[in-house]
Amino acid sequence: MRQNRSDLARHWAHDIYEVFRAQGVSMVSYVPDAGHVDLIKLCEADDRMRAVSLTSEEEGVAFAAGAYLGGKRAALLMQSSGVGNCINMLSLIKTCQLPFLTLVTMRGEFGEFNPWQIPMGQATPVVLSAIGLIVYRVDAPNEVRDVLEAAVSLAFGSYCGVAVLLSQRLIGTKRFVEEK
Amino acid sequence: MTQAPHLNRREVVTALLAGRSDLLVVAGLGATAWDVASVADHPLDFPLWGAMGGAAMVGLGLAFAQPSRKVLVITGDGEILMGMGSLATIAAQRPRNLRVVVMDNECYAETGLQRTHTAFGADIAAIALACGFPHARTAREADEIEPLREDIHQLDDLFLAVIKVAPTDYPKALPPRDGAYLKNRMRAALLGPQAVFE
(Lines give C-alpha, C1' and ligand atoms only; values in the text may rest on other atoms or scores of the structure.)
Protein backbone atom coordinates (compact mmCIF):
# COMPACT_ATOMS: atom_id res chain seq x y z
CA MET A 1 0.00 0.00 0.00
CA ARG A 2 1.55 3.25 -1.07
CA GLN A 3 1.50 5.97 1.57
CA ASN A 4 0.38 9.42 0.69
CA ARG A 5 3.76 11.08 1.00
CA SER A 6 2.62 14.60 0.21
CA ASP A 7 0.22 14.63 3.19
CA LEU A 8 2.95 13.41 5.52
CA ALA A 9 5.43 15.94 4.17
CA ARG A 10 3.01 18.79 4.77
CA HIS A 11 2.47 17.59 8.31
CA TRP A 12 6.09 17.50 9.49
CA ALA A 13 7.16 20.62 7.61
CA HIS A 14 4.49 22.48 9.58
CA ASP A 15 5.95 21.06 12.79
CA ILE A 16 9.38 22.39 11.90
CA TYR A 17 7.98 25.78 10.96
CA GLU A 18 6.07 26.00 14.24
CA VAL A 19 9.19 25.16 16.24
CA PHE A 20 11.09 27.87 14.34
CA ARG A 21 8.38 30.39 15.19
CA ALA A 22 8.12 29.36 18.83
CA GLN A 23 11.87 29.33 19.44
CA GLY A 24 12.80 32.49 17.61
CA VAL A 25 14.47 31.06 14.51
CA SER A 26 13.68 33.99 12.23
CA MET A 27 15.96 33.34 9.27
CA VAL A 28 16.53 30.36 7.04
CA SER A 29 19.01 29.99 4.25
CA TYR A 30 18.81 27.16 1.79
CA VAL A 31 19.95 25.35 -1.28
CA PRO A 32 16.62 23.86 -2.29
CA ASP A 33 15.75 20.22 -2.12
CA ALA A 34 12.44 18.59 -2.91
CA GLY A 35 12.28 17.38 0.69
CA HIS A 36 12.40 20.97 1.96
CA VAL A 37 9.87 22.42 -0.47
CA ASP A 38 6.99 22.81 2.00
CA LEU A 39 9.17 24.29 4.75
CA ILE A 40 10.71 26.81 2.33
CA LYS A 41 7.23 27.82 1.16
CA LEU A 42 6.04 28.30 4.74
CA CYS A 43 9.05 30.45 5.62
CA GLU A 44 8.81 32.53 2.45
CA ALA A 45 5.11 33.16 3.02
CA ASP A 46 5.76 34.59 6.53
CA ASP A 47 6.92 38.21 6.48
CA ARG A 48 8.29 37.80 10.01
CA MET A 49 10.80 35.32 8.60
CA ARG A 50 13.56 35.82 6.09
CA ALA A 51 14.43 33.12 3.59
CA VAL A 52 17.71 33.42 1.69
CA SER A 53 18.53 31.32 -1.35
CA LEU A 54 22.21 30.36 -1.59
CA THR A 55 24.50 29.40 -4.46
CA SER A 56 26.31 26.85 -2.29
CA GLU A 57 25.67 25.43 1.16
CA GLU A 58 28.75 26.77 2.96
CA GLU A 59 27.38 30.28 2.47
CA GLY A 60 24.61 29.34 4.89
CA VAL A 61 27.08 28.39 7.63
CA ALA A 62 28.74 31.81 7.47
CA PHE A 63 25.33 33.50 7.20
CA ALA A 64 24.10 31.81 10.39
CA ALA A 65 27.29 32.87 12.20
CA GLY A 66 26.73 36.50 11.22
CA ALA A 67 23.06 36.39 12.20
CA TYR A 68 23.94 35.11 15.66
CA LEU A 69 26.63 37.77 16.13
CA GLY A 70 23.87 40.28 15.44
CA GLY A 71 21.43 38.66 17.88
CA LYS A 72 19.24 36.55 15.55
CA ARG A 73 18.75 32.84 15.04
CA ALA A 74 19.16 31.27 11.59
CA ALA A 75 18.90 27.70 10.29
CA LEU A 76 20.43 26.15 7.15
CA LEU A 77 18.29 23.85 5.00
CA MET A 78 20.07 21.57 2.57
CA GLN A 79 20.23 18.13 1.00
CA SER A 80 22.87 15.61 2.08
CA SER A 81 24.77 16.21 -1.18
CA GLY A 82 25.50 19.75 0.07
CA VAL A 83 27.01 18.69 3.38
CA GLY A 84 30.46 18.14 1.91
CA ASN A 85 30.52 21.73 0.69
CA CYS A 86 30.24 22.98 4.28
CA ILE A 87 32.96 21.12 6.09
CA ASN A 88 35.72 23.72 6.35
CA MET A 89 33.21 26.52 6.98
CA LEU A 90 31.86 24.53 9.92
CA SER A 91 35.21 25.10 11.66
CA LEU A 92 33.78 28.57 12.33
CA ILE A 93 31.00 27.00 14.42
CA LYS A 94 33.27 24.78 16.47
CA THR A 95 36.04 27.32 17.01
CA CYS A 96 33.77 30.21 18.00
CA GLN A 97 31.30 28.03 19.95
CA LEU A 98 28.53 29.41 17.79
CA PRO A 99 25.01 27.99 17.95
CA PHE A 100 24.21 26.45 14.58
CA LEU A 101 21.28 24.40 13.31
CA THR A 102 21.04 22.63 9.98
CA LEU A 103 18.25 20.41 8.67
CA VAL A 104 19.54 17.92 6.13
CA THR A 105 17.18 16.04 3.85
CA MET A 106 18.82 12.70 3.16
CA ARG A 107 19.56 11.05 -0.14
CA GLY A 108 21.73 8.05 -0.88
CA GLU A 109 20.21 5.76 1.70
CA PHE A 110 16.76 4.16 2.13
CA GLY A 111 15.76 2.81 -1.30
CA GLU A 112 17.93 5.23 -3.27
CA PHE A 113 17.68 4.91 -7.05
CA ASN A 114 20.54 7.24 -8.01
CA PRO A 115 24.01 5.77 -7.35
CA TRP A 116 25.61 9.24 -7.53
CA GLN A 117 23.84 10.13 -4.28
CA ILE A 118 25.28 7.21 -2.31
CA PRO A 119 28.80 8.44 -1.44
CA MET A 120 27.79 11.79 0.08
CA GLY A 121 24.62 10.40 1.63
CA GLN A 122 26.53 7.65 3.41
CA ALA A 123 29.33 10.03 4.43
CA THR A 124 26.97 12.69 5.77
CA PRO A 125 26.62 11.64 9.44
CA VAL A 126 30.29 10.66 9.60
CA VAL A 127 31.71 13.94 8.30
CA LEU A 128 29.29 16.09 10.28
CA SER A 129 30.39 14.30 13.45
CA ALA A 130 34.03 14.58 12.45
CA ILE A 131 33.83 18.38 12.15
CA GLY A 132 32.19 18.63 15.56
CA LEU A 133 28.43 18.77 15.02
CA ILE A 134 25.99 16.78 17.11
CA VAL A 135 23.89 14.68 14.74
CA TYR A 136 20.25 13.74 15.25
CA ARG A 137 18.25 11.62 12.87
CA VAL A 138 14.49 11.46 12.30
CA ASP A 139 12.81 8.49 10.62
CA ALA A 140 9.17 8.95 11.59
CA PRO A 141 6.88 11.96 11.10
CA ASN A 142 5.67 11.93 14.70
CA GLU A 143 9.25 12.42 15.95
CA VAL A 144 9.95 15.58 14.00
CA ARG A 145 8.62 18.12 16.48
CA ASP A 146 10.35 16.65 19.55
CA VAL A 147 13.67 16.29 17.79
CA LEU A 148 13.50 19.82 16.39
CA GLU A 149 12.70 21.29 19.78
CA ALA A 150 15.62 19.43 21.32
CA ALA A 151 17.94 20.44 18.48
CA VAL A 152 17.11 24.16 18.79
CA SER A 153 17.49 24.07 22.57
CA LEU A 154 20.78 22.24 22.32
CA ALA A 155 22.26 24.49 19.63
CA PHE A 156 21.29 27.84 21.09
CA GLY A 157 21.40 26.83 24.76
CA SER A 158 24.74 25.07 24.65
CA TYR A 159 26.47 27.04 21.87
CA CYS A 160 27.09 24.14 19.52
CA GLY A 161 26.38 22.93 16.03
CA VAL A 162 23.50 20.51 15.55
CA ALA A 163 22.46 18.69 12.38
CA VAL A 164 19.06 17.04 12.09
CA LEU A 165 19.06 14.41 9.36
CA LEU A 166 15.58 14.03 7.89
CA SER A 167 15.84 10.48 6.61
CA GLN A 168 14.93 9.31 3.17
CA ARG A 169 12.36 7.04 4.76
CA LEU A 170 10.67 10.09 6.31
CA ILE A 171 10.73 12.15 3.15
CA GLY A 172 9.88 9.41 0.71
CA THR A 173 12.28 7.89 -1.76
CA LYS A 174 12.52 9.94 -4.94
CA ARG A 175 11.02 8.12 -7.88
CA PHE A 176 12.12 8.77 -11.42
CA VAL A 177 9.49 6.46 -12.88
CA GLU A 178 5.90 6.74 -11.73
CA GLU A 179 4.49 3.60 -10.21
CA LYS A 180 1.70 1.93 -12.11
CA MET B 1 48.35 48.88 -19.66
CA THR B 2 47.38 49.70 -16.09
CA GLN B 3 49.99 50.51 -13.52
CA ALA B 4 50.96 47.92 -10.91
CA PRO B 5 49.00 48.37 -7.65
CA HIS B 6 50.87 50.79 -5.42
CA LEU B 7 48.58 51.90 -2.55
CA ASN B 8 49.76 51.06 0.98
CA ARG B 9 47.09 48.74 2.45
CA ARG B 10 47.73 49.77 6.04
CA GLU B 11 47.29 53.45 5.21
CA VAL B 12 44.14 52.68 3.21
CA VAL B 13 42.50 50.67 6.01
CA THR B 14 43.43 53.28 8.62
CA ALA B 15 41.81 55.95 6.46
CA LEU B 16 38.66 53.90 5.77
CA LEU B 17 38.06 53.23 9.47
CA ALA B 18 38.60 56.83 10.61
CA GLY B 19 35.55 58.09 12.49
CA ARG B 20 33.99 54.60 12.43
CA SER B 21 31.56 55.22 15.34
CA ASP B 22 29.19 52.22 15.46
CA LEU B 23 30.28 50.56 12.21
CA LEU B 24 30.36 46.73 12.43
CA VAL B 25 33.39 45.18 10.71
CA VAL B 26 33.92 41.62 9.46
CA ALA B 27 37.53 41.12 8.34
CA GLY B 28 38.46 38.23 6.04
CA LEU B 29 41.28 35.96 7.03
CA GLY B 30 44.87 36.85 6.36
CA ALA B 31 46.38 40.20 5.63
CA THR B 32 43.07 42.09 5.79
CA ALA B 33 42.39 40.94 9.35
CA TRP B 34 45.91 42.06 10.28
CA ASP B 35 45.28 45.43 8.61
CA VAL B 36 42.13 45.98 10.66
CA ALA B 37 43.91 44.88 13.86
CA SER B 38 46.76 47.30 13.12
CA VAL B 39 44.29 50.19 13.44
CA ALA B 40 42.78 49.03 16.74
CA ASP B 41 41.58 45.90 18.53
CA HIS B 42 37.94 47.00 18.42
CA PRO B 43 35.05 45.07 20.04
CA LEU B 44 32.83 45.64 17.00
CA ASP B 45 35.34 43.85 14.75
CA PHE B 46 34.99 40.18 13.90
CA PRO B 47 38.31 39.10 12.36
CA LEU B 48 38.31 35.67 10.73
CA TRP B 49 41.28 33.36 11.24
CA GLY B 50 39.79 30.72 8.96
CA ALA B 51 36.48 30.08 7.17
CA MET B 52 38.02 31.24 3.90
CA GLY B 53 35.35 32.44 1.48
CA GLY B 54 32.87 33.15 4.26
CA ALA B 55 33.51 36.79 5.20
CA ALA B 56 30.87 38.31 2.92
CA MET B 57 28.17 35.92 4.13
CA VAL B 58 29.01 36.55 7.78
CA GLY B 59 28.44 40.18 6.83
CA LEU B 60 25.07 39.41 5.23
CA GLY B 61 23.84 37.61 8.35
CA LEU B 62 25.00 40.49 10.52
CA ALA B 63 23.45 43.08 8.20
CA PHE B 64 20.05 41.33 8.35
CA ALA B 65 20.22 40.93 12.12
CA GLN B 66 21.15 44.60 12.60
CA PRO B 67 19.35 46.55 9.86
CA SER B 68 19.93 49.91 11.55
CA ARG B 69 23.72 49.48 11.63
CA LYS B 70 26.17 49.70 8.76
CA VAL B 71 28.20 46.53 8.21
CA LEU B 72 31.56 46.58 6.46
CA VAL B 73 33.06 43.37 5.12
CA ILE B 74 36.69 43.99 4.35
CA THR B 75 38.58 41.12 2.79
CA GLY B 76 41.16 40.09 0.24
CA ASP B 77 40.99 39.11 -3.42
CA GLY B 78 41.82 35.47 -2.68
CA GLU B 79 39.18 35.26 0.03
CA ILE B 80 36.40 36.77 -2.07
CA LEU B 81 37.32 34.63 -5.10
CA MET B 82 36.75 31.53 -2.96
CA GLY B 83 33.29 32.79 -2.03
CA MET B 84 32.36 34.29 -5.38
CA GLY B 85 28.88 32.79 -5.36
CA SER B 86 28.12 34.79 -2.25
CA LEU B 87 28.25 37.97 -4.36
CA ALA B 88 25.25 36.67 -6.32
CA THR B 89 23.49 35.69 -3.09
CA ILE B 90 24.08 39.13 -1.57
CA ALA B 91 23.05 41.02 -4.71
CA ALA B 92 19.79 39.07 -4.82
CA GLN B 93 19.04 40.24 -1.27
CA ARG B 94 20.39 43.80 -1.70
CA PRO B 95 20.83 44.71 1.98
CA ARG B 96 21.22 48.48 1.99
CA ASN B 97 23.41 48.50 5.11
CA LEU B 98 26.08 46.12 3.78
CA ARG B 99 29.26 47.20 2.02
CA VAL B 100 32.06 44.94 0.77
CA VAL B 101 35.62 46.23 0.34
CA VAL B 102 38.18 44.00 -1.37
CA MET B 103 41.84 44.73 -0.72
CA ASP B 104 43.21 43.41 -4.01
CA ASN B 105 46.98 42.83 -4.09
CA GLU B 106 46.59 40.32 -6.94
CA CYS B 107 48.30 37.58 -4.97
CA TYR B 108 48.09 35.18 -2.03
CA ALA B 109 50.45 37.15 0.18
CA GLU B 110 50.22 34.81 3.16
CA THR B 111 51.38 31.74 1.29
CA GLY B 112 54.21 32.94 -0.90
CA LEU B 113 52.86 35.60 -3.27
CA GLN B 114 51.31 33.22 -5.80
CA ARG B 115 49.23 35.26 -8.24
CA THR B 116 45.43 35.23 -7.88
CA HIS B 117 43.04 35.34 -10.81
CA THR B 118 42.81 39.14 -10.47
CA ALA B 119 46.43 39.29 -11.68
CA PHE B 120 45.19 37.71 -14.92
CA GLY B 121 42.24 40.01 -15.41
CA ALA B 122 39.45 38.74 -13.16
CA ASP B 123 37.63 41.98 -12.31
CA ILE B 124 35.84 41.65 -8.97
CA ALA B 125 33.97 44.97 -9.31
CA ALA B 126 32.68 43.90 -12.73
CA ILE B 127 31.70 40.50 -11.30
CA ALA B 128 29.74 42.24 -8.52
CA LEU B 129 27.92 44.44 -11.04
CA ALA B 130 27.15 41.43 -13.21
CA CYS B 131 25.75 39.68 -10.12
CA GLY B 132 23.41 42.61 -9.58
CA PHE B 133 25.23 44.83 -7.09
CA PRO B 134 23.75 48.31 -7.59
CA HIS B 135 27.16 49.96 -7.23
CA ALA B 136 30.73 48.70 -7.59
CA ARG B 137 34.01 50.33 -8.48
CA THR B 138 37.78 49.87 -8.42
CA ALA B 139 40.08 52.39 -6.74
CA ARG B 140 43.76 52.65 -7.61
CA GLU B 141 44.81 56.10 -6.35
CA ALA B 142 45.05 57.75 -2.94
CA ASP B 143 42.53 60.47 -3.78
CA GLU B 144 39.82 57.82 -4.26
CA ILE B 145 40.01 56.67 -0.65
CA GLU B 146 38.27 59.56 1.13
CA PRO B 147 35.14 59.39 -1.10
CA LEU B 148 35.08 55.66 -0.44
CA ARG B 149 35.32 56.24 3.32
CA GLU B 150 32.32 58.56 3.09
CA ASP B 151 30.34 55.95 1.18
CA ILE B 152 31.18 53.27 3.75
CA HIS B 153 29.83 55.40 6.57
CA GLN B 154 26.97 57.15 4.80
CA LEU B 155 25.70 55.51 1.60
CA ASP B 156 22.28 53.96 2.11
CA ASP B 157 22.77 51.12 -0.37
CA LEU B 158 24.70 47.96 -0.99
CA PHE B 159 28.01 48.43 -2.75
CA LEU B 160 31.34 46.77 -3.41
CA ALA B 161 34.68 48.49 -3.86
CA VAL B 162 37.94 46.92 -4.96
CA ILE B 163 41.08 48.74 -3.85
CA LYS B 164 44.24 47.81 -5.71
CA VAL B 165 47.02 47.66 -3.12
CA ALA B 166 50.75 46.86 -3.28
CA PRO B 167 51.68 43.26 -2.39
CA THR B 168 53.93 44.48 0.40
CA ASP B 169 54.32 42.34 3.50
CA TYR B 170 53.84 44.45 6.63
CA PRO B 171 54.68 43.47 10.21
CA LYS B 172 51.95 41.22 11.59
CA ALA B 173 49.37 42.98 13.75
CA LEU B 174 47.37 40.09 15.12
CA PRO B 175 43.86 40.33 16.57
CA PRO B 176 42.76 37.94 19.35
CA ARG B 177 42.44 34.44 17.91
CA ASP B 178 40.06 32.91 20.46
CA GLY B 179 36.86 32.66 18.45
CA ALA B 180 34.56 32.31 21.44
CA TYR B 181 36.07 35.48 22.92
CA LEU B 182 35.62 37.38 19.66
CA LYS B 183 32.00 36.22 19.45
CA ASN B 184 31.14 37.16 23.01
CA ARG B 185 32.97 40.45 22.81
CA MET B 186 31.13 41.54 19.67
CA ARG B 187 27.73 40.44 21.00
CA ALA B 188 28.24 42.23 24.31
CA ALA B 189 29.38 45.42 22.57
CA LEU B 190 26.51 45.27 20.09
CA LEU B 191 23.63 43.78 22.10
CA GLY B 192 24.60 44.75 25.64
CA PRO B 193 26.24 42.81 28.47
CA GLN B 194 23.18 40.58 28.93
CA ALA B 195 23.93 38.96 25.56
CA VAL B 196 26.44 36.59 27.15
CA PHE B 197 23.71 35.23 29.44
CA GLU B 198 21.47 34.24 26.52
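Everything numeric here is computed off the predicted structure, so don't read it as measured data.

Colleague: I'd like to hear about the overall build of chain A, residue by residue, with values.
Modeller: Broken down by element type, chain A carries seven helices and six strands. Put simply, chain A runs from its N terminus to its C terminus through helices and strands in the order α-β-α-β-α-β-α-β-α-β-α-β-α. Looking at chain A as a whole, 53% of its 180 residues are labelled buried. Counting every atom, chain A has about 7,900 Å² of accessible surface; 53% of that belongs to carbon and sulfur. For chain A, the distance from the average position of its 17 positive side-chain charges to the average position of its 19 negative side-chain charges is 1 Å.

Colleague: Now, about the state of the cysteines: what can you tell me, with residues and values included?
Modeller: Under the defined criterion, the tally for this structure stands at zero disulfides over all chains. Cysteine C96(A) remains unbridged, with the sulfur of C160(A) as its closest cysteine sulfur at 14 Å. Classification of C96(A) by relative accessible area gives buried; the value is 6%. The structure places no disulfide on C131(B), whose sulfur is separated from the nearest cysteine sulfur, that of C86(A), by 20 Å.

Colleague: Account for the sheet that holds strand β3 (residues 71-76) of chain B, naming residues and giving values.
Modeller: Residues and elements named next belong to chain B. One open sheet accounts for six strands, arranged β2-β1-β3-β4-β8-β7; its pairing is parallel. Edge positions in the sheet fall to β2 (45-47) and β7 (136-139), since each of these pairs with one other strand and no more. For this sheet the average axis-to-axis angle between neighbouring strands, irrespective of direction, equals 15°. Direction of pairing for β3 relative to strand β4 (residues 98-104): parallel, over a ladder of six bridges. Across the sheet, the residue bridging to V71 is L98, located in β4. Its contacts with the sheet put helix α1 (residues 9-16) on β3, β4 and β8 (159-164), and the angle it makes with β4 is roughly 165°. Of the strands in this sheet, β1 (24-27) and β2 are in contact with helix α8 (residues 179-191), which crosses β2 at around 165°.

Colleague: Tell me about helix α7 (residues 145-154) of chain B, residues and numbers included.
Modeller: Residue and element names in this part refer to chain B. Every buried residue belonging to α7 is among I145, L148, R149, I152 and H153, and all of these are buried. Projected down its long axis, α7 carries its buried residues within an arc of 130°, all on one side. On its buried face, α7 sits against α1, β3, β4, β7 and β8.

Colleague: Quick rundown of the sheet that holds strand β4 (residues 100-105) of chain A? Include the residues and the values.
Modeller: Within a sheet, each strand pairs with its neighbour through backbone hydrogen bonds, oriented either parallel or antiparallel. Residues and elements named next belong to chain A. The strand order across the open sheet built from six strands is β2-β1-β3-β4-β6-β5, with neighbouring strands paired in parallel fashion. The two strands at the open ends of the sheet, each matched to only one other strand, are β2 (50-53) and β5 (134-138). Looking at each pair of strands side by side, their axes are set apart by 20° on average, direction ignored. Bridging between β5 and strand β6 (residues 161-166) involves five bridges; their strand directions are parallel. Along β6, the bridge assignment pairs V135 with A163. Strands in contact with helix α2 (residues 37-44) are β1 (25-30), β2, β3 (73-79) and β4; relative to β1, the strand with the most contacts, it is inclined by about 130°.

Colleague: Break down unusual backbone geometry for me, citing the residues and quoting the values.
Modeller: All names here are of chain B. One non-glycine residue, S21, lies in positive phi territory at about 45°. With respect to the helices and strands, S21 occurs in the loop between α1 and β1. Classification of S21 as exposed rests on a relative accessible area of 56%.

Colleague: Can you tell me about the pattern of salt bridges, naming the residues and giving the values?
Modeller: Counted under the stated rule, the structure contains 19 salt bridges over all chains. Among the ionic pairs, R137(A) bridges to E109(A), the shortest N-O distance being 3.1 Å. You can see R137(A) sitting in strand β5 and its partner E109(A) sitting in the loop between β4 and α5 (118-130), a full 28 residues away along the chain. The salt bridge partner of D41(B) is R185(B), with a shortest N-O separation of 2.9 Å. Highlighted residues: D41(B) in the loop between α2 (31-39) and β2 and R185(B) in helix α8, separated in sequence by 144 residues. Beyond isolated ion pairs, a larger network of salt bridges with shared partners links D15(A), E18(A) and R145(A).

Colleague: Could you give me a rundown of empty space enclosed by the protein, with the residues and numbers involved?
Modeller: All names here are of chain B. As enumerated under the stated definition, the model contains two cavities of 30 Å³ or more in all. Put simply, the largest cavity is a space of about 80 Å³. Lining the largest cavity, in full, are R9, R10, A31, W34, D35, A109, E110, T168, D169, Y170, P171 and K172. Elements with a minimum of two residues in the lining of the largest cavity: α1 and α2. When residues of the lining of the largest cavity are assigned to their parent elements, the largest contribution, three residues, is made by α2. Here the residues of the lining of the largest cavity sort into five nonpolar, one polar and six charged. A33, V36, A37, A40, D41, H42, D45, P47, P175 and R185 together form the lining of the second largest cavity. Those elements that place two or more of their residues in the lining of the second largest cavity are α2 and β2. With three residues, the top contributor of residues to the lining of the second largest cavity is α2. Among the residues making up the lining of the second largest cavity, the classes are represented as six nonpolar, one polar and three charged.

Reading guide: rules and limits
Residues numbered from 1 in each chain as written. Chains lettered and ligands numbered in written order. Predicted model: local features only at pLDDT ≥ 70, side-chain atom pairs only at ≥ 80, totals over all residues. Heavy atoms only, no water. Helix = DSSP H or I, 4+ residues; strand = E, 2+ residues; numbered from the N terminus. Buried < 20%, exposed > 50% of the residue type's maximum accessible area, 1.4 Å probe, protein only. Areas by Shrake-Rupley, 256 points an atom, 1.4 Å probe, with all protein chains shown as cover. Lys, Arg positive; Asp, Glu negative; His and termini not counted. Charge placed at Lys NZ, Arg CZ, Asp CG, Glu CD. Disulfide = S-S within 2.5 Å. Pairing = 2+ DSSP bridges. Axes fitted to C-alpha atoms, helices over the stretch in contact; angles between N-to-C directions. Contact = heavy atoms within 4.5 Å. Arc of directions from axis to C-beta. Salt bridge = Lys/Arg side-chain N within 4 Å of Asp/Glu carboxyl O. 1 Å grid on protein atoms, 1.4 Å probe; cavity = no way out; pocket = protein on both sides within 12 Å on 5 of 7 lines; lining within 4 Å. Points joined across faces, edges and corners; volume = space filled by probe spheres on them. Nonpolar A, V, L, I, M, F, W, Y, C, P; charged D, E, K, R; others polar.

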